[in-house]
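Single-letter residue listing:
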Amino acid sequence: VQLQAFGGGLVQAGGSLRLSCTASGRTFSSYAMGWFRQAPGKEREYVAAISWGGGSADYADSVKGRFTISRDNAKNTVYLQMNSLKPEDTAVYYCAAATTLGPMLTGNMGGMDSWGKGTQVTVSS
């Protein structure tokens with residue numbers, strides 16, 4: 001599955017953005033999907049993940065209560081609604097697909113089946 005993330009931009013602290021990640025191919029609904037981010041000089045880190053059917057979602061502690069992951073299998077798209085943004089949320093955000101949630105929840109970056117190109121999110125103070 002090929003992934004393309006978009007929706008990033010520049011926003012003031014306290015603002016909101018919604019990222020989207022669109023997948024090509026007919027098998028999108030069989031993949032767990034996740035969002036990761038990488039800030040300058042830091043390692044890529046897990047942000048959120050959602051099961052193939054959307055029934056289970058998980059979040060990193062740093063974004064819990066502020067970010068919401070969702071998916072629309074009819075549109076082959078996964079979303080990340082980001083509210084109450086903070087300067088420390090500034091990063092390049094990537095979407096990823098995996099056959100199970102496991103690699104995402106354990107931070108096993110090598111366990112992803114596919115990565116999308118990132119989209120830059122910049123939060124000004």
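Throughout what follows, the structure given in this document is the object of discussion. (Residues numbered from 1 in each chain as written. Predicted model: local features only at pLDDT ≥ 70, side-chain atom pairs only at ≥ 80, totals over all residues. Heavy atoms only, no water.)

## Quick look at the packing of aromatic side chains
The final tally for this structure, using the stated rule, is 2 aromatic pairs. Put simply, the rings of Phe36, Tyr46 and Trp115 pair up and form one aromatic cluster. The aromatic ring of Tyr94 is capped on one face by Arg44, whose charged end is 3.7 Å from the ring centroid. The aromatic ring of Trp115 is capped on one face by Arg44, whose charged end is 4.6 Å from the ring centroid. (Phe/Tyr/Trp six-rings, centres within 6.5 Å; stacked < 30°, edge-to-face > 60°. Lys NZ or Arg CZ within 6 Å of the ring centre and 35° of its normal.)

## Quick look at the state of the cysteines
Following the criterion strictly, the structure yields 1 disulfide and no others. Across the disulfide from Cys21 sits Cys95; the S-S distance is 2.1 Å. Handedness of the Cys21-Cys95 disulfide follows from its S-S torsion of about 60°: it is right-handed. Within this pair, whereas Cys21 is found in strand S3 (residues 17-23), its partner Cys95 is found in strand S9 (residues 91-98), the two being separated by 74 residues in sequence. Across the pair, exposure class does not vary: Cys21 and Cys95 are buried alike. (Disulfide = S-S within 2.5 Å. Helix = DSSP H or I, 4+ residues; strand = E, 2+ residues; numbered from the N terminus. Buried < 20%, exposed > 50% of the residue type's maximum accessible area, 1.4 Å probe, protein only.)

## Things to note about unusual backbone geometry
Although it is not a glycine, Asn76 adopts a positive phi angle of roughly 55°. Following the sequence through the fold, Asn76 ends up in the loop between strand S7 (67-72) and strand S8 (77-82). Here the phi dihedral of Ser84 falls at roughly 50°; this positive angle occurs in a residue that is not glycine. When you line up the elements, Ser84 lands in the loop between S8 and S9.

## A few points about the environment of Thr77
Structurally, the position occupied by Thr77 is in strand S8. Judged by relative accessible area, Thr77 falls into the buried class, the value being 6%. Separated by 45 residues in the primary sequence, Thr77 and Thr122 place their C-alpha atoms 22 Å from one another. Here Thr77 is in contact with Ser20, Cys21, Thr22, Phe28, Arg71 and Asp72, once residues within four sequence places are set aside. Side-chain polar atoms of Thr77 contact the backbone oxygen of Lys75, separated by 2.8 Å. (Contact = heavy atoms within 4.5 Å. Polar contact = N/O pair within 3.5 Å; in protein donor to acceptor, adjacent residues only side chain to side chain.)

## Quick word on the sheet that holds S7
Pairing is antiparallel across the open sheet formed by 4 strands, whose spatial order is S1-S3-S8-S7. Edge positions in the sheet fall to strand S1 (3-6) and S7, since each has one partner strand and no second. Each neighbouring strand pair of the sheet contributes to a mean axis angle of 15°, computed without reference to strand direction. Across 6 bridges, S3 lies against S8 in antiparallel orientation. Across the sheet, residue Ser20 finds its bridge partner in S8, namely Tyr79. (Pairing = 2+ DSSP bridges. Axes fitted to C-alpha atoms, helices over the stretch in contact; angles between N-to-C directions.)

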